[in-house]
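Breakdown of the fold
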Amino acid sequence: AYHLANDSHDDDGDEDDWSLKVITASADGTVRLWDATTSELLYMFRPPATLTTKIGASLLMPISGSSSTIVDTLEIHSMFLRPKNQLLFVPRSSSAYLIDLSSPSPGRVLQTYSIASPKKTGAESVVMVAAACSSHWFYAVTNQGSLHVFDIVTGNEETTRASFCSDCGLDEEVSSMVIHPHQTLLAVFSSQLSPTNKKKKNLLTLWK
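Residues numbered from 1 in each chain as written. Predicted model: local features only at pLDDT ≥ 70, side-chain atom pairs only at ≥ 80, totals over all residues. Heavy atoms only, no water.

Side note on the pairing of strand β8 (residues 95-100)
Cut-off, in case you're wondering: Only protein chains enter the accessibility calculation, which uses a 1.4 Å probe; a residue is then buried when its area is under 20% of its type maximum, exposed when over 50%, and partly exposed in between. Here a strand is any run of E in DSSP of at least two residues, a helix any run of H or I of at least four, and the numbering for each starts at the N terminus. We call two strands paired when DSSP finds no fewer than two bridges between them.
Counting buried positions along β8 gives six out of six residues, so the element sits mostly inside the fold. Examined bridge by bridge, strand β7 (residues 86-91) and β8 share four bridges and lie antiparallel to one another. Bridging across to β8, Leu88 finds its partner in Leu98. What sits between β7 and β8 in their antiparallel hairpin is a turn of three residues.

Overview of the environment of Ala57
Stated precisely, the cut-off is as follows: The contact criterion used throughout is that any non-hydrogen atoms of two residues lie within 4.5 Å.
Within the secondary structure layout, Ala57 lies in the loop between β4 (41-45) and β5 (60-61). Under the relative-accessibility criterion, Ala57 is labelled partly exposed at 29%. Ala57 sits 54 residues away from Gln111 along the chain, and the two C-alpha atoms are 9.9 Å apart. In this view, Ala57 contacts Gly107, Arg108 and Val109; residues no more than four positions away in its chain are not counted.

Focus: unusual backbone geometry
The residue Lys84 is not glycine, and still its phi comes out positive at about 65°. With respect to the helices and strands, Lys84 occurs in the loop between β6 (76-82) and β7. One non-glycine residue, Asn85, lies in positive phi territory at about 55°. The residue Asn85 is located in the loop between β6 and β7 in this model. Asn85 sits in the buried class, given a relative accessible area of 10%.

Concerning the pattern of salt bridges
Heads up, the condition is: Within this document, salt bridges are pairs made up of a side-chain nitrogen of Lys or Arg and a carboxyl oxygen of Asp or Glu, the two lying within 4 Å of each other.
Per the stated rule, a full pass over the model turns up three salt bridges. As a salt-bridge pair, Asp28 and Arg32 come within 3.1 Å of each other at their nearest N and O atoms. Relative accessible area serves as the criterion here: at 9%, Asp28 is assigned to the buried category. For Arg32, a relative accessible area of 12% puts it in the buried group. A salt bridge links Arg92 to Glu75; its shortest N-O distance comes to 3.7 Å.

As far as function goes, none of this settles anything; it's purely spatial.
Right, here's the structure in full:
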């Protein structure tokens, strides 16, 4: 996944040198910030495998001598740019992170989010996320089919729906999920077979 960051400015009007930056994330467990003009790797971030990161900690990794291995790493599958040079990113785990991308402390953890599993069948991991820049909520679906709604600012888990995927008529993971930028309207799409109709594919469900 990648995001292109547009020009941005500090509150005092000074430029933060943020035009033409590309943010990438991959299965090696890293998030990287690049200069799109020079192709220079500026910063690299990685969440810890222990999921014990606290607010204020740094996820900044040294660029020189870094290795790209998928062993003992958490695959990064979703990320969202937020106002004020903030990045929300989600590894395939039960946690998510909001970090600061600005100098002088790029990679500083601003907020953490942890899923409390409503089921007793083992730990859940997030497989799909939806968020909007105009909203302070984000929605996470897990490998066990439950939906978790978080307040991005406070980190609180506000709502949980354990039977979310089955309520959508799915017995598999969702393929895509998106939230309306100005309304509390959530669209969930799956290319899997419906359990109620084995011949039905490409199922779209709207939640309000």
